[in-house]
Structure formats: C-alpha cells, structure tokens
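Inside the fold
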Amino acid sequence: MARQPLVARRAEELLGAAVVATAPVAGGDTATATKLRLSDGTTALMKTLAHAPADFFEVEARGLRWLGAVEGGARVPDVLAVDAECLVVRWVEPGKQTAEAAADLGRALAATHAAGAAAYGAGPDGEHRDGYIARLPLPNRAAPTWAEFFAVRRVLPYLKLARDRGAVTPEQAASVESVVGRLPALVPEEGPARLHGDLWNGNVVWGGDGVHLVDPAAHGGHRETDLAMLSLFGLPHLPKALEAYVDAAPLADGWEDRLALHQLFPLLVHACLFGGGYGARAAAAAARYR
C-alpha cells in the first residue's frame, strides 16, 4: 500500500497535475501498473518496474510513438511522460471484444506494417537500438536479409539461453537448429515491415473507441511474425482479424503454413522465462519444417 503515494508523487512531478485517485491494475507480466485520475480530468496508466534497465521505458515509449505515427494504423495509447523509472500513457477505457473491432484491428495492423522500417531490426529514425522482450534483452543489430535476422537475432540467442537455463534439451535444440539454415527457402523475402514485435493477446486492449496495442518490442521485421504471435496465444475473433488483414494486404501463398515457423521466437522466449513445456513446443514446431 505504501507504493501508491510514491507513484502519485512521481506522476505529479512528471505531469504537472495533482493525482486525485490511484488504483492497481492487474494483468501485467513484467511491470506493475497503476491507474491514475488527475485533477485536470486526465486518466492515465503508470507503469513501473523494480530494477529496470535505465532505458527500459524509453525504448517502450519510442516504440509506441513510432507505431502511433502511422496514419490509419493500429491505435496505441498516447505517451504522456517517460523517464528511467516509469512510463505514463493515456488510459484506454475498456470496451467490447467484437468481431467488428477485430476486423478493424486487422486492417489497421496492415497499415502499420505497410509503413515499413529502414531495415530489419531498425526502429524510429532508422536506428538499430537493442530493446526488450518482457525482461529479456532483444538484439536488433542489422542483418541483410530477414532469414539471417531471424536466425541470429531471434532464434539462436534465445535457443542458447533456453539451453543454458535447462529449458531445452540437446535433442530439442538440434531440432530447432536444423531449421535455421533452411529459412531462406521456407519464408519468402519481403521488405521490412513496421512490427509491434510482441503481439500476443495480452498486449491487445479492447477499448471503447477500438482496439489499442500496448507494450511493443517494435522493430523492422517480417509481417507474418506479428500474425503468428497473435495466432499462437489466441485472440478473440482472430479469424475476422486475419481475414480483414489479408483483404487489405494479401500475404504470400502458404502464409498460414508458415505461422508455426515464426512462432519459434516467442516459444523460445517463453522457454527462457517460464520453462515448462515451451522448449518442447518449439522443437515440435521446428520439426514440421525439416
């Protein structure tokens, strides 16, 4: 309970308005979230994280602004303030999970992807700035092709960490490694899309004014990756969202059969973070493409 006055004071310093009410918000896997009501009528969400890296929230804020800069693209909450200790965004009032809202998301996500990026791994201003996926570092250094980027910046680093943490057996690791060299033949090359980068159901907020995306790991990558993550962890009315996306921005033939390949990355991240059966799921996904 002592934490709430500290949050309120920090918010008042950053926003220049008195906090008249606070309430904890459940659901965050990484940061702690607090709803704020301010004296100027603003309702906001403040995120904090104990022992966060100095640039943790700044990276997230830059990603939100980059995604939000796309006209007609996916909605994101406005960034109200950010520093090394916290991020404050405008509150999204909850709404209904409707098929219409899901279709709107599909069309908007297609527009966000089409805005592109300077290169694979690049973010705002074309910078290759490393980020975070949950609490883990996310390498974003450049690579000349998507296949190389996905192999050396996504699959292999988290495969190694999962092995080091005992979350992947040598046999499971070998299954994943056997697919890496075949990536150029398995996935059609496209120019870098502007990705959310961590687009699981928990980062999709169904608002009263439409769907908003939060907690990005934004970077330039293959657009099928965002769709694969949505498909991996489920989304209400997912078929409607995917249908609207494909109508707005057709995908290369066979994209549905490639979703499990793109899911190697989030499965390995989850193996690193949570262990359990995620390493086995990654190996099973890889086995489909041998």
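To be clear, the structure that these remarks concern was listed above.
Keep in mind that what you see is a predicted model, and the values were worked out from it rather than measured. (Residues numbered from 1 in each chain as written. Predicted model: local features only at pLDDT ≥ 70, side-chain atom pairs only at ≥ 80, totals over all residues. Heavy atoms only, no water.)

Regarding the pattern of salt bridges
- On inspection of all chains with the given rule, the structure shows 12 salt bridges.
- Residue Glu 127 is joined to Arg 62 by a salt bridge in which the shortest nitrogen-to-oxygen separation is 2.9 Å. Here the residue Glu 127 occupies a position in the loop between helix H3 (99-114) and strand S6 (131-133), and Arg 62 occupies one in helix H2 (residues 56-68), the gap between them amounting to 65 residues.
- Judged by its relative accessible area of 37%, Glu 127 falls in the partly exposed class.
- Residue Arg 62 is classed as buried on the basis of its relative accessible area of 15%.
- Of the charged contacts, one joins Arg 258 and Glu 224 as a salt bridge, the two residues approaching to 2.8 Å between their closest N and O atoms. Highlighted residues: Arg 258 in helix H9 (residues 255-262) and Glu 224 in helix H7 (residues 223-233), separated in sequence by 34 residues.
- Exposure remark for Arg 258: the relative accessible area of 7% places this residue in the buried category. (Salt bridge = Lys/Arg side-chain N within 4 Å of Asp/Glu carboxyl O. Helix = DSSP H or I, 4+ residues; strand = E, 2+ residues; numbered from the N terminus. Buried < 20%, exposed > 50% of the residue type's maximum accessible area, 1.4 Å probe, protein only.)

Structural notes on unusual backbone geometry
- In this structure, Asp 125 is a non-glycine residue whose phi angle is positive, near 60°.
- Structurally, Asp 125 can be placed in the loop between H3 and S6.
- Phi at Asp 215 takes a positive value of approximately 50°, unusual for a residue other than glycine.
- Along the polypeptide, Asp 215 turns up in the loop between strand S10 (210-213) and strand S11 (219-221).

Observations concerning the pairing of strand S3 (residues 43-48)
- Within S3, five of the six residues are buried, which leaves it mostly tucked inside the rest of the structure.
- Bridge count for strand S2 (residues 32-38) against S3 is six bridges, and the pairing is antiparallel. Paired with Leu 36 across the bridge in S3 is Ala 44.
- Adjacent in sequence and paired antiparallel, S2 and S3 are bridged by four residues, among which Gly 41 carries a positive phi angle near 95°.
- Where S3 meets strand S5 (residues 86-90), five bridges bridge the pair, whose relative direction is antiparallel. Considered in S5, the bridge of Leu 45 is made with Val 89. (Pairing = 2+ DSSP bridges.)

Digging into the packing of helix H4 (residues 146-164) against helix H5 (residues 170-180)
- It is at 10 Å that the axes of H4 and H5 come closest, and there the two elements cross at 170°. Compared by their axis directions, H4 and H5 come out roughly antiparallel. In this structure, H4 uses Ala 151, Val 155, Leu 156, Leu 159 and Arg 163 to contact H5, whose residues at the interface are Pro 170, Ala 173, Val 176, Glu 177 and Val 180.
- Of the residues in the contact of H4 with H5, the class split is eight nonpolar, no polar and two charged. (Axes fitted to C-alpha atoms, helices over the stretch in contact; angles between N-to-C directions. Parallel < 35°, antiparallel > 145°, perpendicular 65-115°, else oblique. Contact = heavy atoms within 4.5 Å. Nonpolar A, V, L, I, M, F, W, Y, C, P; charged D, E, K, R; others polar.)

Here we look at the packing of H4 against helix H10 (residues 264-274)
- Where H4 meets H10, the axes come as close as 8 Å, and the angle between the chain directions of the two elements is 25°. Here H10 runs roughly parallel to H4, going by the angle between their axes. In this structure, the crossing between H4 and H10 has a hand that is left-handed. Seen from H4, the contacting residues are Phe 150, Arg 154, Val 155, Tyr 158, Leu 159, Leu 161 and Ala 162; seen from H10, they are Leu 264, Phe 265, Leu 268, Val 269, Ala 271 and Cys 272.
- For the contact of H4 with H10, the residue count by class is 12 nonpolar, no polar and one charged. (Left-handed = near helix turned anticlockwise from the far one by under 90°.)

What to know about the packing of aromatic side chains
- Overall, the coordinates contain six aromatic pairs when judged by the stated rule.
- The rings of Phe 56, Phe 57 and Tyr 132 are connected pair by pair, giving a single aromatic cluster. (Phe/Tyr/Trp six-rings, centres within 6.5 Å; stacked < 30°, edge-to-face > 60°.)

Things to note about the pairing of S5
- With four of its five residues buried, S5 lies for the most part within the structure.
- Across three bridges, the pairing between strand S4 (residues 79-82) and S5 is antiparallel. Bridge pairing in S5 places Ala 81 opposite Val 88.
- Between S4 and the antiparallel strand that follows it, S5, lie three residues.

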